[in-house]
There are 2 protein chains.
Amino acid sequence: MKKKTTIYDIAEKLGLTAATVSRALNNNTKISLNTRKLVLDTALEMNYEQNKLALALKSGKSYNVGVIVPRIDSNFFSSVIRGIEEELYPKGYHVIICQTHNQENIENEKINSLVNVQVDGILMSISNANLEENKGFNKLLKNKKTPLVFFDRKKDIKGISSVTIDDFKGGYDATKHLLDQGCKRIAHLSNDRNFEIFRNRYLGYKQALSDNGIEFDESLVIETQSNVLDGRRVARLLLDMETPPDAIFSSSDFAALGAIQEIKESGFNIPEDICVVGFSNEPFTRFMELTAITTVDQFPLEMGRTAAQVFLEEVSNTGDTKITKNVVLTPQLIIRKSSLKHKEG
Amino acid sequence: MKKKTTIYDIAEKLGLTAATVSRALNNNTKISLNTRKLVLDTALEMNYEQNKLALALKSGKSYNVGVIVPRIDSNFFSSVIRGIEEELYPKGYHVIICQTHNQENIENEKINSLVNVQVDGILMSISNANLEENKGFNKLLKNKKTPLVFFDRKKDIKGISSVTIDDFKGGYDATKHLLDQGCKRIAHLSNDRNFEIFRNRYLGYKQALSDNGIEFDESLVIETQSNVLDGRRVARLLLDMETPPDAIFSSSDFAALGAIQEIKESGFNIPEDICVVGFSNEPFTRFMELTAITTVDQFPLEMGRTAAQVFLEEVSNTGDTKITKNVVLTPQLIIRKSSLKHKEG
DNA sequence: CTGTTAGCGCTTTCAG
DNA sequence: CTGAAAGCGCTAACAG
């Protein structure tokens, strides 16, 4: 278990000083070509590896960024992270991942923890709709040292950049499409509307109804968890109504799937009796054989890339006025069988 | 843009020395309760946060581990990573993720890069079947400072721990199941068998055939990429054979899906004409409505957890003899419609 | 062209 | 119970 070799080791071996070795390794032109080559060679020979930790301590830059998400094993979040990693690694950054499982205290803790390890920035999709009441988060806001970029589940906080898709448009387009299919009684599976993304999808839905002369019916909006089981539960409620809806716009693909299962098992046909639209373009929505699910693509890979770029701009900004950016990507409605009543000519 | 407060700042303010403050913060009993409380209070008041980077440099432990995977946006890998993060975070570790996209040079580079940032260990699923020829990897092996744990795509290298599933059994069980369904001509969509996992699935397949008196037919084994398109391509080849197979065991769920699509579009029925079994239990395999795909569950979450545990054992091992563990998890065949010819009583 | 020195923030002997 | 001093590995003035 030999120790790692440091610049002191190679300095000693060469009768030089650590400073010279450091400069030589960094190809400083002040150092003669001879010694530079000599140092480089012996460094190689001694299996020298730069200790970036020392560098980080010295320079105050760790070249690490933290990414906080509710969970990593969903296609949406892992795609975002993929985008972040691909964008940041070439610039010398490593990506530390943290999951919150939607628990506020864990989110709080992980923010703190990331700050402690001196990350150069934090990119996060929030789990806590009342983030401002979170102690760790507030400290982060206050010292303003660490750039923060929200993606997807953001909060509208002054001085903080964000990358989202236009959820209002997503909700609007989805609903408009259902109206175009002739649906009149469109239910909406919403989610906690304390989160902007869910509120905006809901608002888009409402606006589309209103723009098309359909009266808003509150009983058709049900808060639903983003999973298959809860989709089933809610679909049951809708089917049991005196006048069941003729369409469902779900803010989650998983809930949409559950709804589809429940609807089919109850003997109804999709899309003939009930049209369904989801949200996220999760891979499985495409693979359904009978009823490929209409959904809204959020371009997670691009979202991740963009969030990374916004972070890079912030760290490289040397001016004293902080620039904050709020990038809004455009979602895309992907029309598939679950909502396509009449084949288009 | 005020600087972060250090123990010196609070020492100065209190007329103490940094050492005392350090000890007080660590609740060292040698420090009087009074000063301890005093220090703790002012630390809080001054928004003090420990700089773990300095600690890491001092102690030689970064409490970071690197995880290297081909890509993160597949359910299998992101589930493994989820398991790793959940297991390691409570022990104080952060997880740095790196993707290789199956490129050897990138894998090489990222290994080096992780070593440079002084990770305490590397957990990886290899991308390069000839890893031993990889310079960065060899350096890693030689200095033996950094614990290394393989998961899933491992190499059988002395002194390196690994966590895998029993791929042989997975292949065997899948094939045996097809034989039980009465299939006689079972094709196998394999993948690069320089990787142990694919070789073992293949060997399991062969063994099951031989154990059941079916002659091995090399023309029924085709190397296939793990994606939908290549699954289609290969299915086409099989369907065009003089005597097409009556079953397909694919070492990838994605290729299985492609095959199913091609088979159906060619007018054949699944499972009546051709039975199909995949591998991985990707979420979509369950959601297929007409032909939920029979597949083999690899328990990625548990695999990640276990890999993390093996790492923890290695770092906490103070003895001078390195203990290496090769954990083999048991896969589970999940029988679904795509291979179930006759309903079981 | 190279050496000296100091310091990044923290812990930890060794004294007192 | 607390202080002084050294050191983790590296870089960056400042000298010469």
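In case you missed it, the structure is sitting above this.
Here the structure is a predicted model, which is why all the values come from computation and not from measurement.

### Focus on the overall build of chain A
Looking only at helices and strands, chain A has 13 helices and 12 strands in total. For 345 residues, the compact-globule formula gives about 20 Å, and the C-alpha radius of gyration of chain A, at 26 Å, lies well above that figure. Considered along the principal axes of its C-alpha atoms, chain A spans approximately 90 × 40 × 40 Å. Counting all 345 residues of chain A, 54% fall into the buried class. Within chain A, counting contacts between residues at least 6 apart in sequence, those at least 24 apart form 73% of the total. Entry remark: accessible area of chain A is about 15300 Å², with carbon and sulfur atoms responsible for 48%. Put simply, chain A has 44 plus and 45 minus side-chain charges, and the middle of one group is 8 Å from the middle of the other.

### Comments concerning the protein's contact with DNA strand D
Residues in close proximity to DNA strand D total 25 residues, the closest being Ile7, Tyr8, Ser22 and Tyr48 of chain A together with Thr20 of chain B. When the atoms of DNA strand D within 4 Å of the protein are grouped by moiety, sugar and phosphate amount to 62% of the total. Within the backbone of isoleucine 7 of chain A, one N or O atom sits 2.8 Å away from a phosphate oxygen of DNA strand D. Within the contact set of DNA strand D, a base oxygen lies 3.2 Å away from a side-chain nitrogen or oxygen of lysine 58 of chain A. For the surface near DNA strand D, the residue count by class is nine nonpolar, 10 polar and six charged.

### Topic: the sheet that holds strand β6 (residues 186–190) of chain B
Residue and element names in this part refer to chain B. Spatially, β7-β6-β8-β9 is the arrangement adopted by the four strands of the open sheet, whose pairing is parallel. Both outer strands of the open sheet, β7 (221–223) and β9 (275–277), are each paired with one neighbouring strand and no more. Ignoring strand direction, the axes of neighbouring strands in this sheet form an average angle of 15 degrees. Pairing geometry for β6 and strand β8 (residues 247–250), over four bridges, is parallel. Considered in β8, the bridge of leucine 189 is made with serine 250. Sitting on the sheet, helix α9 (residues 196–211) touches β6, β7 and β8, and the angle it makes with β6 is about 170 degrees.

### Thoughts on the protein's contact with DNA strand C
By nearness alone, 26 residues border DNA strand C, and Thr20 of chain A together with Ile7, Tyr8, Ser22 and Tyr48 of chain B come closest of all. Backbone atoms, meaning sugar plus phosphate, form 58% of the atoms of DNA strand C positioned within 4 Å of the protein. Here a phosphate oxygen of DNA strand C and a backbone polar atom of asparagine 51 of chain B are 3.3 Å apart. With respect to DNA strand C, the backbone of alanine 54 of chain B contributes an N or O atom lying 3.4 Å from a base nitrogen. Every element with two or more residues in the surface near DNA strand C is listed here: α2 (18–25) and α4 (52–59) of chain A together with α1 (7–14), α2 (18–25) and α4 (52–59) of chain B. Considered class by class, the residues forming the surface near DNA strand C number nine nonpolar, 10 polar and seven charged.

### Description of the nonpolar core
Within the largest apolar cluster, 131 residues are counted, with the highest numbers of intra-cluster contacts made by Phe151 and Ile186 of chain A together with Phe151 and Ile186 of chain B. Here isoleucine 186 of chain A is in contact with Thr175, Leu178, Leu179, Tyr205, Leu209, Leu220, Asp246, Ala247 and Phe249 of chain A, once residues within four sequence places are set aside. Listed in part, the 44 residues of the second largest apolar core include Ile68 and Ile126 of chain A together with Ile126 and Phe198 of chain B.

### As for the relation of the copies chain B and chain A
When chain B is fitted onto chain A, the two copies agree to an RMSD of 0.0 Å after a turn of 180 degrees and an axial shift of 0.0 Å. Considering both components of the superposition, the chain copies are consistent with a two-fold axis. Comparing interface residues between copies, 98% of those in chain B also sit at the interface in chain A, which points to an isologous, same-surface contact.

### Quick look at helix α6 (residues 104–116) of chain A
Residue and element names in this part refer to chain A. The end-to-end C-alpha distance of α6 is 19 Å, a good match for the 18 Å that 13 residues give at a rise of 1.5 Å each. The complete set of buried residues in α6 reads Ile106, Glu107, Lys110, Ile111, Ser113, Leu114, Val115 and Asn116. Where α6 terminates, the next one or two residues include glutamine 118, which has phi positive at roughly 65 degrees.

### Structural notes on the interface of chain B and chain A
The partner chain A presents 53 residues to the 54 residues of chain B that form the contact. The junction of chain B with chain A conceals about 5400 Å² of combined surface from both sides, 57% of it contributed by carbon and sulfur atoms. Ranking the residues of chain B by area buried against chain A places Leu53, Phe287 and Glu289 of chain B at the top, with a combined share of 13%. Between the two partners, chain B and chain A, sit six salt bridges. The closest approach of N and O atoms between arginine 82 of chain B and aspartate 73 of chain A, which form a salt bridge, is 3.1 Å. Applying the counting rule to chain B against chain A returns 27 residue pairs in polar contact (both at pLDDT 80 or more). For the side of chain B that touches chain A, the secondary structure elements donating two or more residues are α4, α5 (75–88), β2 (94–99), α6 (104–116), α7 (135–143), α11 (253–265) and α12 (283–287) of chain B. In terms of residues, the side of chain B that touches chain A owes the most to one element, α5 of chain B, which gives seven residues. In terms of residue class, the side of chain B that touches chain A is made up of 20 nonpolar, 18 polar and 16 charged. Note that strand β2 (residues 94–99) of chain A and β2 of chain B share three bridges and pair antiparallel. In the strand pairing of β2 of chain B, isoleucine 97 of chain A is matched with valine 95 of chain B.

### Notes on the packing of α1 of chain B against helix α3 (residues 33–45) of chain B
Each pair of packed helices can be described by the angle between their axes along with the distance between the axes. Residues and elements named next belong to chain B. Orientation of α1 relative to α3, taken along the N-to-C sense of each, is 120 degrees, at an axis distance of 10 Å. Considered as vectors, α1 and α3 are oriented oblique to each other. In this structure, α1 crosses over α3, and the sense of that crossing is right-handed. Only Leu38, Val39, Thr42, Ala43 and Glu45 of α3 make contact with α1, whose side of the interface consists of Ile10, Lys13 and Leu14. Of the residues that constitute the contact of α1 with α3, the class distribution is five nonpolar, one polar and two charged.

Thresholds applied
- Residues numbered from 1 in each chain as written.
- Chains lettered and ligands numbered in written order.
- Predicted model: local features only at pLDDT ≥ 70, side-chain atom pairs only at ≥ 80, totals over all residues.
- Heavy atoms only, no water.
- Helix = DSSP H or I, 4+ residues; strand = E, 2+ residues; numbered from the N terminus.
- Rg over C-alpha atoms; globule rule 2.2 N^0.38 Å.
- Buried < 20%, exposed > 50% of the residue type's maximum accessible area, 1.4 Å probe, protein only.
- Contact = heavy atoms within 4.5 Å.
- Areas by Shrake-Rupley, 256 points an atom, 1.4 Å probe, with all protein chains shown as cover.
- Lys, Arg positive; Asp, Glu negative; His and termini not counted.
- Charge placed at Lys NZ, Arg CZ, Asp CG, Glu CD.
- Near = heavy atom within 4 Å.
- Polar contact = N/O pair within 3.5 Å; in protein donor to acceptor, adjacent residues only side chain to side chain.
- Nonpolar A, V, L, I, M, F, W, Y, C, P; charged D, E, K, R; others polar.
- Pairing = 2+ DSSP bridges.
- Axes fitted to C-alpha atoms, helices over the stretch in contact; angles between N-to-C directions.
- Core = buried A, V, L, I, M, F, W, Y, C linked by side-chain atoms within 4.5 Å.
- Least-squares fit on C-alpha atoms with pLDDT ≥ 70 in both.
- Expected span 1.5 Å × (residues − 1).
- Buried area = accessible area lost by both parts, 1.4 Å probe.
- Salt bridge = Lys/Arg side-chain N within 4 Å of Asp/Glu carboxyl O.
- Parallel < 35°, antiparallel > 145°, perpendicular 65-115°, else oblique.
- Left-handed = near helix turned anticlockwise from the far one by under 90°.

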